[in-house]
Amino acid sequence: MTAGRIILTCGEPAGVGPELAPQALASGVDFAWMGDPRHLPAGTAFTEIAAPGDPVPAGHLAVLRHDFAAPAEPGRPDPANAAGVIDVIARAVDLAMSGRAAGICTLPISKQALKEGAGFAFPGHTEYLAHLAGDVPVVMMLASTTVDPPCRVVPATIHIPLQDVPAALTDAVLEQAIRITHAAMIRDFGIPAPRLAVAGLNPHAGEGGTMGRQETDWMVSLLARLRAEGFDLAGPLPADTMFHAPARARYDAAVCAYHDQALIPIKTLDFAGGVNVTLGLPFIRTSPDHGTAFDIAGQGIADPASTIAALRMARDMAAARA
């Protein structure tokens, strides 16, 4: 394969990431893993490459070598390796932004380990990637891969306390989430006329103002203005009736008010097959929808389904952009 190969970043080497890479390769997905070969499971067949598109023997993991300060002990993150985790992400982004790779798929990091070991100043992967891309506005999408109709959700607000959501969910924040999602559905998912459903903030979407006034006070007028521009929008809708199969068939993605409103339905419908996608970046980025799983790291029991789904989605998104 040529420069179209996706880069799989190593993530936290003490987590399940290193064992997921060879499992994903066994599924037939083609990618290049970036990290320290010492962290791979014993017996992994790999070939070091100089560029993402360099050929490797059949059955070998293509490895873009990146030396770390220390070995990895499953379940016990080493602060000495924190800088290496961060540097791998930056290196992969550079290759993607320069066109030498088709995109990146990131294995899970430990934000606590990065903060304690390297003073990592970002809430997570997504914010760091947006910074590396030039501080561009982005949103997080969780997308299913095993349910039909698909479930794709975008929370307009993410990792903040629930009590802070009403103040954080402004018309500007919701508008940005809708615009980024709409553009990404066209560019990255090959849907020329996206249909978006927008959830209300309150129960029953406020029920005419009797259960909250955000919907009537500004959501209705925002959506009307965007419809006048040509956006196909439904809402604001009661979130509790948006996610059964007949409802999902009526839209391509749902923009939700807050984290759990978006993530509970997709994790219920497609826990193993969900993929985290960062929309708005100038390059493709996907990630499995799980964490480092320190409690099972090194035991060989980690489920590779989400990583495989994330790699396949990155490949499909690259094809859509091409």
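Heads up: these notes are all about the structure in this document. (Residues numbered from 1 in each chain as written. Predicted model: local features only at pLDDT ≥ 70, side-chain atom pairs only at ≥ 80, totals over all residues. Heavy atoms only, no water.)

Residue Asp148 is joined to Pro149 through a cis peptide bond whose omega torsion reads -5°. For the peptide bond that leads from Gly235 to Pro236, omega is 0°, which places it in the cis range. Locating Pro236 in the fold gives a position in strand E9 (residues 232-237). In this structure, Ala205 takes a positive phi of about 50° despite not being glycine. Looking at the element boundaries, Ala205 is found in the loop between strand E8 (195-199) and helix H7 (214-228). (Helix = DSSP H or I, 4+ residues; strand = E, 2+ residues; numbered from the N terminus.)

Another aspect to go through is the nonpolar core. Counting 86 residues, the largest nonpolar core has Phe31, Trp33, Met141, Leu174, Ile178 and Leu279 as its most contacted members. Beyond its immediate chain neighbours, meaning those up to four positions away, Leu174 contacts Ala156, Leu169, Val198, Trp218, Met219, Leu222 and Val255. Judged by nonpolar contacts, the second largest core, of 16 residues, contains Cys151, Val153, Leu263 and Ile266. (Core = buried A, V, L, I, M, F, W, Y, C linked by side-chain atoms within 4.5 Å. Buried < 20%, exposed > 50% of the residue type's maximum accessible area, 1.4 Å probe, protein only. Contact = heavy atoms within 4.5 Å.)

Further remarks concern the pattern of salt bridges. What the rule picks out here adds up to 15 salt bridges. The residue Asp188 makes a salt bridge to Arg187 at a minimum N-O spacing of 3.5 Å. With a relative accessible area of 36%, Arg187 lands in the partly exposed category. In this structure, the salt-bridge partner of Asp252 is Arg195, at a minimum N-O distance of 3.2 Å. Residue Asp252 is located in the loop between helix H8 (245-248) and strand E10 (253-256), and its partner Arg195 is located in strand E8; the two are separated by 57 residues in the primary sequence. Among the residues examined, Asp252 registers a relative accessible area of 12% and is labelled buried. (Salt bridge = Lys/Arg side-chain N within 4 Å of Asp/Glu carboxyl O.)

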